[in-house]
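# Observations on the three-dimensional arrangement
If you want the building blocks of each chain, they are given just below.
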Amino acid sequence: MSAAARVIRGRVLSFTDDPSLGGSRAYSLVDDGAVLVAGGLIEAVGEARDILARAPGGAVIDDHAGSFIMPGFIDAHVHYPQTQVIGSYGAQLLDWLNTYTFVEEQKFADPAHCARVASFFLDELICTGTTTAMVYCTVHPQSVDAFFGAAEKRAMRMIAGKVMMDRDTPERLKDDAQRGYDESKALITRWRGRGRLDYAITPRFAVTSTMAQLEAAGALAREFPQLYVQTHANENKAEIARVAALFPKAESYIDVYARAGLLGPRSVLGHCIHLQASEVALLAESRSVAAFCPTSNLFLGSGLFDQARLRRAGVRIALATDVGGGTSYSMLRTAAEGYKVLQLNGQSWPALEAFYRMTLGNARALSLDGRIGSIEAGKEADLVALDPRATPALAHRMETAGGDLQVELFALMMLGDDRAVRETYVAGEPRKGAAA
Ligand code: GUN
Ligand code: ZN
């Protein structure tokens, strides 16, 4: 991390609470604002004239007048080994895994391939304004080493883990209950808490793990209660039927994970679309997080996430790309598709709620809100500068926004993508130029 001070000037927007809760004011906006960053942290935020007056001599000034300065986006569920699976034609979940994904993931036995893809993936995240993600690697420990190595080089805050799979997958992608446990533990020892890195115990899903392996993952979670757990659940109807056949004693798909000790406040379960009432209750009671992956759910024809139902039940929710089932690295594109999914379910999603979710909401879902997700003194300086007039179509649309924040943010979310990202700051340093 560089110690040089920097002033980042623009329309500083940051959330203080969840706007869906209806509190008085869940965000702060300073139209001619600035953020003073140094040593990787936010030192001060406020009116540009005040921040410029207190900035040390020699501070670099980045003027993004007219652009929003927001916390860097957070992606709560994504697969880095699927950058060459994204956009694969014509299949639903189980066929898609067998036809494309498990073929591609075998290439990660080669550390050089892991390193190349990890670099590509992280640079792509930076280009789209994402500064933190919760990431699946493959079954190969070298895929985790390559990923964390590339994240450390970029000083990015990342959570990741080795996929555990001991059945229903090609031989070359299988570990077993003991080996999955041992390899995960060695990776935890090597990487967890190093710089900005953290580890997620990663049994892929109940289809590809025996109960012995899920229990081994649960044992790791008990040994290391500060670690994350990530897996998939209730994404696709054929998948759910398969889980019911594989685990006849369990009451439901989510109950399989409950029995294995895999639910809890640091557990993030991708998808959670087709849930029984008892499963919703298990998620809520355990404080587990359901990750809404709209582009993936549409692309794989999986179904429509029921945000209103989960909210009513008090289930914690995150938003995620799920690349390569998901079709975009961009959280803006992801939120736009999320809006459309909710529309199909007769639900709505104001832009303020969507931007909250991409920033502070996802930071809270990942228990990282003490460090990232808002623009406050002492937080880590992961920021994105977003130009609401970046493209001709955006500039044209903004002519009729009338300076209304909600209208501007909604149009930015519906029309924006990586072209709207003027700059991405990771630990206070501008990284988009280097990543592009
Ligand atoms: N379920 C198990 N593995 C995967 C995966 O890689 N992508 C998606 N979308 N669902 C899964
Ligand atoms: Zn996934």
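You'll find the structure just up there.
Let me sum up the structure you'll find in this document. Note that the coordinates shown come from a computational prediction; the quantities given were computed from them, not determined experimentally.

### Observations regarding helix α6 (residues 211-223)
An ideal rise of 1.5 Å per residue puts 18 Å on 13 residues; α6 measures up with 18 Å between its terminal C-alpha atoms. Buried within α6 we find Q213, L214, A216, A217, G218, L220 and A221. Among the structural elements, β8 (163-164), α5 (177-191), β9 (197-203), β10 (228-233) and α8 (253-259) are those in contact with the buried residues of α6.

### Quick word on the coordination of the zinc ion (ligand 2)
Coordination of the zinc ion (ligand 2) by the protein comes from H77 (NE2), H79 (NE2), H232 (NE2) and D322 (OD), over a distance range of 2.0 to 2.2 Å. For the zinc ion (ligand 2), the four donor atoms are set out with angles of 92 to 165° between them, so the coordination reads as irregular. All donors of the zinc ion (ligand 2) come from a single chain, and their spacing in sequence reads H-x1-H-x152-H-x89-D. Taken together, the residues span a long stretch of sequence, with H77 in strand β5 (residues 73-79) and H232 in strand β10 at a distance of 155 residues. Each member of the pair, H77 as well as H232, carries the same accessibility label: buried.

### Some remarks on the pairing of strand β4 (residues 60-71)
Note: strand β1 (residues 6-15) against β4, six bridges, orientation parallel. Considered in β4, the bridge of R9 is made with D63. Relative to strand β14 (residues 383-386), β4 runs antiparallel, the two sharing four bridges. Bridging from a neighbouring strand, P71 pairs with L383 of β14.

### Quick look at the pairing of β9
Most of β9 is tucked away: seven of the seven residues are buried. Burial of the side chains of β9 extends over both faces: L197, Y199, I201 and P203 are buried on one face and D198, A200 and T202 on the other. Sheet topology note: the strand β7 (residues 157-161)/β9 ladder contains three bridges and is parallel. Pairing of I159 across the sheet is with D198, part of β9. Note that β8 and β9 share two bridges and pair parallel.

What counts as what
- Per chain, the residues get numbers from 1 upward, laid out in the order the sequence is written.
- Chains and ligands are labelled by the order in which they are written, letters from A for the one and numbers from 1 for the other.
- Residue-level local features of this predicted model are given only where pLDDT is at least 70; pairs of side-chain atoms are given and counted only at 80 or more, and the full residue set underlies all totals for whole chains, interfaces and linings.
- Side-chain measures were taken over the full set of non-hydrogen atoms in the model, leaving aside hydrogen atoms and water.
- In DSSP terms, a helix is any run of H or I states spanning at least four residues, a strand is any run of E spanning at least two, and both are numbered starting from the N terminus.
- Helix span is expected to be 1.5 Å times the residue number reduced by one.
- Throughout this description, buried means an accessible area under 20% of the type-specific maximum (1.4 Å probe, protein chains only), exposed means over 50%, and partly exposed covers the range between.
- Contact definition: two residues touch when any of their heavy atoms are within 4.5 Å.
- Each metal's donors are the N, O and S atoms found within 2.8 Å of it, except that Na, K and Ca use a 3.2 Å limit; water is left out, so coordination can look incomplete.
- Geometry is assigned from donor-metal-donor angles: four donors are tetrahedral when every angle falls between 85 and 135 degrees, four are square planar and six octahedral when opposite donors sit over 155 degrees apart with all other angles between 65 and 115, and any other arrangement is irregular.
- Two strands qualify as a pair provided DSSP detects at least 2 bridges between them.

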